Amino acid sequence: MRSFSEYNPIVIAVWFLSVTGIAMFCNYPLLMVISLVGAVAFFVMRNGLSHGKTHIFFWVLFLILALANPLVSHNGKTVLFVMNHNPVTLEATLYGLNSAAMIIGVLYWLRSFTQIMTSEKLLYITGALSPKLSLVLSMALRFVPLFGRQSAKINAAQTAMGLYRDDNIIDDIKGKSRVFSVMVTWALENGIITADSMEARGFGTGRRTQMRRFRFAAADIAFLLTELGLLGITCAAVGTKSLSFVFYPSITAKAPDMLGVLGLISYGLMILMPMILELVVNLKWKYLRSAV
Amino acid sequence: MLLIRNEKLRNAVRIAVPFFIIPTISILGALVFDGKRHILIALAVAVLSLVLFAAGFEKKSTGTRRMVIVAVMTALCFAGRFIPFLKPVAALTIITGLYLGGEAGFLVGSLSAVLSNFYFGQGPWTAFQMLAWGLIGLFACMLSKQLLGSRILLLLYGALAGLGYSFFMDIWTVLWYNEEFSIKLYAAALVSAIPYTVSYAVSNVLFLYLLAPPFGEKLRRIKVKYGV
Amino acid sequence: MEILAVSGLTFTYPQCAEPAVSNISFSIERGEFAVLCGATGSGKSTLLRMLKRELTPLGEKNGSVSFGGVELSQLPDRRSASAIGFVMQKPEQQVVTDKVWHELAFGLENLGTSPDEISRRIAEMASYFGIGDWYDRDVAELSGGQKQLLNLASILVMQPELLILDEPTAQLDPIAAADFISTLRRLCSDLSITIIMAEHRLEDVVPLCDKLLVMDKGQLIANSKPSEVISELKERPDILCGMPAAARLYAELSGSGSSPLTVREGRDFIEKGYNNTTRGLPQALYEHSDSAAMEFSDVFFRYSREGKDILDGLSFTVYEKEIFCILGGNGSGKTTALSAAAGLLKPYSGRIKVFGKRLKDYKNRSLYRECLAMLPQDVQTVFLKSTVHQELDECHADITELPYDISHLMDKHPYDLSGGEQQLTALAKVLASKPKLLLLDEPTKGLDAGAKLNIIGVLRKLKEKGVTVVIVTHDVEFAAVCADRCAMFFGGRIVSTGEPNEFFSRNSFYTTAVSRMTRGYYDNAVTIDDAVKLCSLNGRKEKPCS
Ligand SMILES: Nc1ncnc2c1ncn2[C@@H]1O[C@H](COP(=O)(O)OP(=O)(O)OP(=O)(O)O)[C@@H](O)[C@H]1O
Ligand SMILES: Nc1ncnc2c1ncn2[C@@H]1O[C@H](COP(=O)(O)OP(=O)(O)OP(=O)(O)O)[C@@H](O)[C@H]1O
Ligand SMILES: [Mg+2]
Ligand SMILES: [Mg+2]
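The following paragraphs examine the structure supplied in this document. Just so we're clear, the structure is a prediction, and the values are computed from it rather than from any experiment.

**Quick notes on the overall build of chain A**
Scanning chain A from terminus to terminus reveals nine helices and four strands. In chain A, the succession of α and β elements from N to C terminus is α-α-α-β-β-α-α-α-α-α-β-β-α. By the compact-globule yardstick of 19 Å for 292 residues, chain A is too spread out, its C-alpha radius of gyration being 26 Å. Summarising its shape, the C-alpha atoms of chain A cover approximately 75 × 65 × 50 Å along the three principal directions. Within chain A, counting contacts between residues at least 6 apart in sequence, those at least 24 apart form 73% of the total. For chain A, the exposed surface amounts to about 13500 Å²; the carbon and sulfur share of it is 70%. Averaging the locations of the 25 positively and 14 negatively charged side chains of chain A gives two centres separated by 6 Å.

Structure (C-alpha cells):
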C-alpha cells in the first residue's frame, strides 16, 4: 500500500493538472471555495503546522489581490461607495474576491506539487517526451550543487594562497569575481570532459532507452481511471453552462442543475482522493501494527 | 526542427512559429472562444511552441559537447537566480545565444526557467517564462553580428530584453487574474511591476557589461579547441 | 589472439611543435593485463586516449590502431562504445548523472538495451561490487574510493572486451588501491577482460601484470614481461626508481637471476642471499625543536549541524622546521583537518595555534602573508590565468629557482597540461609565496617516482631554510623517505605518531613494502636505503654448493 506521493509520477501529474486546471479555467465561486479549502487542507495535511511564512505570504497576497480589482475596475451596477471620483462596485469586489480565491488556491496546489514532484519524477515525465532534454535538465541539476562546492573550494584555495591581500570590500569583490571566473573556466572544461565520458559510453549512437524506475501498478491505473472519470463529469458540468455565474453588469446566478451538482461533487471527490488514500494507509498501518 | 531536411525551410519554420503561427492561433482563438478564455489560448500557445521546439531538438543530432555546455550554462543561470535583486539569467542566455547559436540560447533560457522554478515554484507561468527567456536568447543569436560588433548595442539589447520580459510576463498576470485582457489592469500591472522591470533591465546591462568579455574569451577557447 | 594492435602511432596536439606520442607500436593479447608507466608528461594519457575512438583528441594523427583486427575508425559506433571501456583519471570526471543507479544504467540506456535487461545487468554488477547499499544515493555523497568503484562498475555493465584505465588509484588510500587492483586482476581472470592501465604506483600492480609498457618522452622504450623489463632497464635509474621495492633492491644489490617482484619474493631474495647478524641500523635520534609551529588541541568540527563530527577531538603538535606527514584512509578527514589549520574552516570547539598565536588573532588576513600557504588537493582550483607563464608571473614565481623544469610548458593553458604537470605548476605557485609553514595536500598524486624524488629534494631544502612542512599523503613510500615524523589519522583524530622507522614497523597495512619484506629478519628497516645498507653490512650468505 503506497501513499499518494509514491504513485507513478504521471498519475500524480495528471491529478495536479486536473485539479489546478479546473480551478484556473472556471470561475464558479463554489468551485473556487472547494479548491481553496482543499488546497489548504492538502498542504496542511502534508506539512503540519510548519511553513508559517508561506501561509502569511499567501494570505497577504490574497488580501492584495482581492482589493486590487474593485480599485481598478469600475464595472458593475451596484455602487458601494465612491473613492477619488471612481465608483467602487459590489460586483467588482466579489469578482476580485473570487479571483483571489482562485489564485491563492492554485498557488497552494502548486506549492504541494513542487514538494511532491521531486526532480527525479519530473525527469521521468520529461524523459517520456524528450529523453535528450530530460538528460540536459538532469545534468544541469547535478551541476548546480557541484558548482557551489567547487566555488567554495576555489575560494578556499585562493585565500590560502594569499590572494586576498587586504581586508576590505573592494578586495572582496575583486576576489569574488576572480573566483567566479575560475569557476566558469572549470565548469566549461569539466563539461567537455563529461561530454567525452558520455560519448565514450555510447551516447548519441542511436535510440536511447530509459530504465524505468516507476512502474504502472494496478493501483496506479485504478487511481488514474477514477480520477479521469471524475474529471470528465466536472468538465461536462463546467463546459455546458450548468455552472454559470455572471458577475457583470450585475450578479446573476442560476441554481446549478443536476449535472452542475454532480460536477461539484465530482470535483470535491477528486480533491479528496489523495487524502482518502492517506487515511486508508494510516489506518492499515495501525491495524497491522496492532495485529503484530 | 521536426525532421525538416531542407535548411532554408527549417529556418523559415523556426521564424514562422514564434512570429506568425502563434499570433494567428491567438487571434483565431480569441474570436472562437468569445474572448473569455484568453488565458487558455495563451497557455496553449506557449506550451505548443515549446513542444515544437523540444520535438525539433530531439530529432536533430546536436553534438554532445554542445549539449553539456548548454547544461553548464543552465546551471550557472539557476545559481544566478539566488543573487538578491540582480538576475543574471537573461544576460547569460544572451551570451549563450551570441556564441553558441540560437538553439543553445533558447534552450538555456527556457531550461533555466523550468529548473529554477523547482525552487521558486512551478506553475503555468513557467511556460511563459520559458518562452520569454528562450526568445531573448534566440533573438540575440539572430542579431549576433551587430551585437558582437558593438558593445553599446549589446547593452541596449540587454536593457530592451529586460523591459520586454517584464511586459510579456505582465500579459500573463493580467490574463490569469481577469480572464479577459484589460488595458487598465495591464497598465496597473505594469506600474506595480516597475521596480522589477528596472531591476531586470539594470541587471541585464550590468551583467552583460561585466560578463560578456570574459565569457566570450572562454567560450571561444572551447569552440576552437574542442570544436563545439 | 591479438585484441589490440598499434603500429607506428604518432600524435601531435594542435599548436605544439613536438609530438606527444611518436612512432609507437605494440600489441596486446586477449585476456592480458598490461600496465603502462613512464614519467609525468611522457604521453601515457594521450596514448590511452588514442585507443578509444570517442576520446581521441583533436590533432594530427598518423599510424594505425586496430581492435580485434578492425581499424579503430572502421568500427561500428555501438561496438566501439561498448567493447572498449575507458575509466578516467579523476573519479569525479567520469560521472554524468546524479544518482548511482542512473550512472550504472547510463551506458546501457545509450545502447538501447531493453529496461529489463538493464535491470538484470545492473543488479548483477551491483552485487559483484557490493554497491547494493548505496544504489539509491546521490553520486555526490560518495567517497573518492566509492566513486572510483562506481566508475569501474558503470563501464563493466556494458561488458567491454578491452578495459582502459588512466591512473585509477591516484586518489585512493593504500588499502583501497590494493583492493581496486586485485578487483581488476579478478576481472581479468574471471571474465577474461583485457586490461591496459596507466599507473605511477607500481608496487602492487607490477607483480600482477602480464606485460609492462614503459614510455619515455613520447616513445615506447620497453614492452615485455615485468621481470624482463627490469633487467632491460638496469641502466635507467630514473625509471627503475618507480618499480616495486623488491626489484629495486635486487637492482641496487646487482642480484642475479630473474628479478623478484612481490613482497614474498623480495623476502626470499633477502633471506636466501643475505645474513642477519646485524639486525638493525644505528638509529640517529631525531630531536624536534622546542617551539611548536602548529598546535591543535581538542578540535571538533562538523560540516552541518546534523552531520557527524569529522574532526573529533583532534590534538597534535607540529614543531618548527620539521616535515610532518599525515596518513589515513579515504574520507577520514585529513583534508578537513588541513583546511582547519589554514583557517578556512572554523571548528566549533577547540583551539588551533600557528607559531604560538591563535588563528583568530591573525587579523586582516596576515596569516596568509608570508606565514602560511596551502596546496589544495584539487590543484585546478589554483589556476587563474590562461597560460602557465601568466600564472607564474601573477604570483612572482621564479622558475629558475625551481628544482624541476617546467620551462617547456610556459605557453600552455593550465588545463592542457598533463595531471602531473598541473601538480608541479601548482606547487611552484604555492612555493612562490615563501611561507614559513607549508601545508601540502597530496602533493605527489599523479607524479612519477623521479618527480617525487625531486619534490623530496625541494622539501629538504625548505627545511634547511627553516620552513615547517605538513603533508597529507597516501603515498607510504614517499612519507617513509621524507618525513621526520608521521601520523596516522583515523576516526577524526590522530591515533598514533612516530618517527618513520618505528611508525612503519608497527603498522601492518599502512607500511612500506620494505618493512613488510624485512619484518622479523631485520629491525626497523623501512626504506630501500635501509634495506640496502643492512644487506651490504651483513654480507652475502655463502652459496650452498650446487
Ligand atoms: N590538450 C592538450 N593540448 C596540448 N598539449 C597537451 C594536451 N594534453 C596534454 N598535452 C601535452 O602532451 C604531453 C603528454 O601529456 P599526457 O597527458 O599524455 O602525459 P601523461 O604521461 O599522461 O602524464 P601524467 O603522468 O602526468 O598524467 C604533455 O607534455 C602535455 O603538456
Ligand atoms: N564540503 C563538505 N560538506 C560536507 N561533508 C564533507 C565536505 N567535505 C568533506 N566532507 C566529508 O567529510 C569527510 C572527510 O572528508 P575529507 O575530504 O577531509 O577526507 P580526506 O581524509 O581528505 O579523504 P581523501 O583521502 O579521499 O582526500 C568525508 O566523509 C566527506 O564526505
Ligand atoms: Mg595522464
Ligand atoms: Mg583529502
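Read on for the rest.
**Points about the site of ligand 2**
Residues and elements named next belong to chain C. In the vicinity of ligand 2 there are 13 residues, among which Asn 330, Gly 331, Lys 334, Thr 335 and Thr 336 approach most closely. Compared with its free state, where it exposes 630 Å², ligand 2 has 64% of that area covered by protein. Taken together, the residues of the shell around ligand 2 sort by class into two nonpolar, nine polar and two charged.

**Quick notes on the sheet that holds strand S15 (residues 357–358) of chain C**
Residue and element names in this part refer to chain C. In spatial order, the strands read S12-S11-S14-S15; together these four strands make up an open sheet with antiparallel pairing. The two strands at the open ends of the sheet, each matched to only one other strand, are strand S12 (311–319) and S15. Two strands pair when backbone bridges link them, and strand S11 (residues 292–301) and S12 are joined in this way by seven bridges, in the antiparallel orientation. What sits directly across from Ala 292, in S12, is Tyr 319. Sheet strands in contact with helix H11 (residues 334–341) are S11, S12 and strand S14 (349–354), and its direction is about 120 degrees off that of S11.

**Overview of the pairing of strand S20 (residues 493–498) of chain C**
Residues and elements named next belong to chain C. Where strand S19 (residues 485–490) lies against S20, five bridges are found, and the strand directions are antiparallel. Bridged to Phe 490 within S20 is Arg 493. Taking the residues that link successive antiparallel strands as the turn, the S19-S20 hairpin has two residues, and the phi of Gly 491 there is positive, at about 55 degrees.

**Concerning the interface of chain A and chain B**
Taken residue by residue, the interface counts 51 residues in chain A and 48 residues in chain B. Of the roughly 4300 Å² buried between chain A and chain B on both sides combined, carbon and sulfur atoms contribute 76%. Of all residues in chain A, the largest losses of buried area upon contact with chain B belong to Phe 25, Lys 132 and Leu 188 of chain A, amounting jointly to 16% of the total for that side. The closest approach of N and O atoms between Glu 189 of chain A and Arg 221 of chain B, which form a salt bridge, is 2.8 Å. Joining chain A to chain B, the criterion identifies six residue pairs in polar contact (both at pLDDT 80 or more). Counting only elements with at least two residues in the side of chain A that touches chain B, the list comes to helix H1 (9–25), helix H3 (52–72), helix H4 (90–116), helix H5 (119–129), helix H6 (131–160) and helix H7 (169–200) of chain A. The leading source of residues in the side of chain A that touches chain B is H7 of chain A, at 15 residues. Classifying every residue of the side of chain A that touches chain B by side-chain character gives 34 nonpolar, 13 polar and four charged.

**A short note on the sheet that holds strand S18 (residues 468–472) of chain C**
All names here are of chain C. One open sheet accounts for six strands, arranged S16-S17-S18-S13-S19-S20; its pairing is mixed. Strands with a single pairing partner mark the edges of an open sheet, and in this sheet they are strand S16 (372–375) and S20. Geometrically, the sheet is characterised by an average inter-axis angle of 20 degrees between neighbouring strands, direction not taken into account. Of the pairings in the sheet, the one linking strand S13 (residues 323–328) to S19 comprises five bridges and is parallel in character. Each residue of the ladder has a partner; that of Cys 325, found in S19, is Cys 486. Of the strands in this sheet, S16 and strand S17 (437–441) are in contact with helix H13 (residues 419–432), which crosses S16 at around 175 degrees.

**Concerning the interface of chain A and chain C**
With 47 residues of chain A in contact, the opposing surface of chain C contributes 57 residues. When chain A packs against chain C, close to 4500 Å² is buried across both sides, 57% of that on carbon and sulfur atoms. The tally of links from chain A across to chain C stands at two salt bridges. A salt bridge links Asp 378 of chain C to Lys 153 of chain A, with the shortest nitrogen-to-oxygen separation between them at 3.6 Å. Of all the elements in the fold, those that place two or more residues in the side of chain A that touches chain C are H6 and H7 of chain A. A per-element tally of the side of chain A that touches chain C places H7 of chain A first, with 15 residues. Residues that form the side of chain A that touches chain C fall into these classes: 16 nonpolar, 13 polar and 18 charged.

Definitions and cut-offs
- Residues numbered from 1 in each chain as written.
- Chains lettered and ligands numbered in written order.
- Predicted model: local features only at pLDDT ≥ 70, side-chain atom pairs only at ≥ 80, totals over all residues.
- Heavy atoms only, no water.
- Helix = DSSP H or I, 4+ residues; strand = E, 2+ residues; numbered from the N terminus.
- Rg over C-alpha atoms; globule rule 2.2 N^0.38 Å.
- Contact = heavy atoms within 4.5 Å.
- Areas by Shrake-Rupley, 256 points an atom, 1.4 Å probe, with all protein chains shown as cover.
- Lys, Arg positive; Asp, Glu negative; His and termini not counted.
- Charge placed at Lys NZ, Arg CZ, Asp CG, Glu CD.
- Near = heavy atom within 4 Å.
- Nonpolar A, V, L, I, M, F, W, Y, C, P; charged D, E, K, R; others polar.
- Pairing = 2+ DSSP bridges.
- Axes fitted to C-alpha atoms, helices over the stretch in contact; angles between N-to-C directions.
- Buried area = accessible area lost by both parts, 1.4 Å probe.
- Salt bridge = Lys/Arg side-chain N within 4 Å of Asp/Glu carboxyl O.
- Polar contact = N/O pair within 3.5 Å; in protein donor to acceptor, adjacent residues only side chain to side chain.

All we've got here are geometric facts, nothing functional implied.
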